[in-house]
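In case you want the letters, here they are:
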Amino acid sequence: MRCRGIAAVLLTVVVLTAGCTRFTRPDPVPSASAAVGVSSHTMRVGTLDRTYRIYRPASLREGAPMVVVLHGAVGSGRQAEQSYGFDALADRDGFLVVYPDGVGRTWNVSTDCCGAAARDQVDDVGFIKQLVTAEIGDAGIDPSKVYAAGISNGAMLAYRLACETTLFAAIAPVSGTMINACPSPAPVSIIHIHGTADRTIPYGGGPGKRDNEGDGRLPVKIDGPPVPDLITTWRKTDDCAAPASTVSGVVTTSVARCAGGRVVELITVDGAGHQWPGAPGPGKLASSLLNLDQPSTALDATTTIWSFFASL
């Protein structure tokens, strides 16, 4: 029975991972944050040593933007870097990319989610705040051009960061929801990407697949609102005008222009599951054994997200 419980937890966390790639890159030698290319770092936050990766393109200049990429549960900063393709866009457009690691490959977004980070009530908001503040100083980042993107558990952390900090000009949740308390958030631009066939964090809200709750040893319980309702709530926060929608194939884009030049955008991908659109898939064997979704090819989420950030 113990083995069965462990297997349930492993399956739970794997389901929450997004678009893991089959390609690998050797771990970098730790170096100063000013080094060009990828480097690995450790930061003391409270009683914990937190790890993260930085990608600094040769084209980076003073006053550049920064994108913080938050992996899904069982993912890592390394996996997110390899899977989602932000480095190539950073080379082209000259922005810094930061890939933090969650404790136990999870992020604490509420008492219900997720995994070890939620069980131990890890201060992930404090970690990201400290990390962003450090890089604004070390890399000469424009503090008005700091953005966060994340998937699944990482998307939920992006929403929590928007609720509890004023560091981010915009967030980009992919296949995520909001389950944390958010009584008085500051206005923020949002681009949310979600598939209608997502069984893990359903587009229509609710708890999703029962196996996401594991065996009770590690908290993984996700029961969020319908995605359109969540976006409506943020449009009220941002004082937005009525949205305008366009349809291109299976992709519906709803854009609302808001006070202060902010934008709240919802991209709905019909038939897409719980993955990062345009990313490499989990592989046929893993997809078959663990019943994982293949990423939609109808949209390149990374390019779409960066274009949104850059347009603000």
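Since we're looking at a predicted model, the values are computed, not measured.

### Structural notes on the environment of Gly271
In step 1: Mapped onto the fold, Gly271 is located in the loop between β10 (263-269) and α8 (284-290).
In step 2: Classification of Gly271 by relative accessible area gives exposed; the value is 53%.
In step 3: Counting along the chain gives 73 residues from Gly271 to Asp198, while the straight-line C-alpha distance between them is 8.1 Å.
In step 4: Here Gly271 is in contact with Thr196 and Ala197, once residues within four sequence places are set aside.

### Concerning the sheet that holds strand β8 (residues 244-248)
In step 1: Ordered in space as β1-β2-β4-β3-β5-β6-β7-β10-β9-β8, the 10 strands form an open sheet in which the pairing is mixed. Every other strand in the sheet has two partners, leaving β1 (37-45) and β8 as the edge strands with one partner each. The sheet shows a mean angle of 15° between the axes of neighbouring strands, taken without regard to direction.
In step 2: In this sheet, β10 lies alongside strand β9 (residues 251-257) in antiparallel orientation, the contact comprising seven bridges. Bridge pairing in β10 links Thr252 to Thr268.
In step 3: Against the sheet, helix α3 (residues 86-93) engages β2 (48-56), β3 (64-70), β4 (96-100) and β5 (141-151), with an angle of about 155° to β4.
In step 4: Sitting on the sheet, helix α9 (residues 301-311) is in contact with β3, β5, β6 (170-174), β7 (189-195) and β10, with an inclination near 165° to β7.

### Considering the packing of α3 against α9
In step 1: At a minimum axis distance of 10 Å, the contact between α3 and α9 shows a crossing angle of 40°. With respect to α9, the element α3 is oriented oblique. For α3 against α9, the interelement crossing comes out right-handed. Contacts from Phe86, Leu89, Arg92 and Asp93 of α3 reach α9 at Thr302, Thr303, Ile305 and Trp306.
In step 2: For the contact of α3 with α9, a count of residues per class yields four nonpolar, two polar and two charged.

### Overview of the confidence of the model for the protein
In step 1: The pLDDT averaged across the protein works out to 88; a share of 84% of its residues lies at or above 70.
In step 2: With pLDDT under 50 throughout, residues 1-33 is counted as low confidence; its partners more than four residues away or in other chains account for 85 contacts.
In step 3: Contacts for the low-pLDDT stretch residues 210-215, under 50 throughout, to residues beyond four places or in other chains number 15 contacts.

### Quick word on the nonpolar core
In step 1: Membership of the largest hydrophobic core comes to 48 residues, with the highest contact counts inside it found for Phe168 and Trp234.
In step 2: Looking at this core element by element, the count peaks at seven residues for helix α6 (residues 153-164).
In step 3: In this structure Trp234 touches Tyr159, Ala162, Cys163, Met178, Cys182, Pro185, Ala186, Val188, Ile190 and Val264, once residues within four positions along its chain are discounted.
In step 4: One finds Tyr55, Leu89, Ala149 and Ala279 within the second-largest nonpolar core, a separate group that totals 33 residues.

### A few points about the packing of aromatic side chains
In step 1: Taken as a whole and judged by the stated rule, the model has six aromatic pairs.
In step 2: Look at Phe95 and Trp306: their rings are 3.9 Å apart centre to centre, the planes differ by 25°, and that puts the pair in the stacked class. Of the two residues, Phe95 is situated in the loop between α3 and β4 and Trp306 in helix α9; the sequence distance between them amounts to 211 residues. For the residue pair Phe95 and Trp306, the accessibility class agrees, reading buried in each case.
In step 3: Clustering of aromatic rings is evident, with ring pairs tying together Tyr84, Phe86 and Trp276.

About the cut-offs
- Residues numbered from 1 in each chain as written.
- Predicted model: local features only at pLDDT ≥ 70, side-chain atom pairs only at ≥ 80, totals over all residues.
- Heavy atoms only, no water.
- Helix = DSSP H or I, 4+ residues; strand = E, 2+ residues; numbered from the N terminus.
- Buried < 20%, exposed > 50% of the residue type's maximum accessible area, 1.4 Å probe, protein only.
- Contact = heavy atoms within 4.5 Å.
- Pairing = 2+ DSSP bridges.
- Axes fitted to C-alpha atoms, helices over the stretch in contact; angles between N-to-C directions.
- Parallel < 35°, antiparallel > 145°, perpendicular 65-115°, else oblique.
- Left-handed = near helix turned anticlockwise from the far one by under 90°.
- Nonpolar A, V, L, I, M, F, W, Y, C, P; charged D, E, K, R; others polar.
- pLDDT = per-residue confidence, 0-100.
- Core = buried A, V, L, I, M, F, W, Y, C linked by side-chain atoms within 4.5 Å.
- Phe/Tyr/Trp six-rings, centres within 6.5 Å; stacked < 30°, edge-to-face > 60°.

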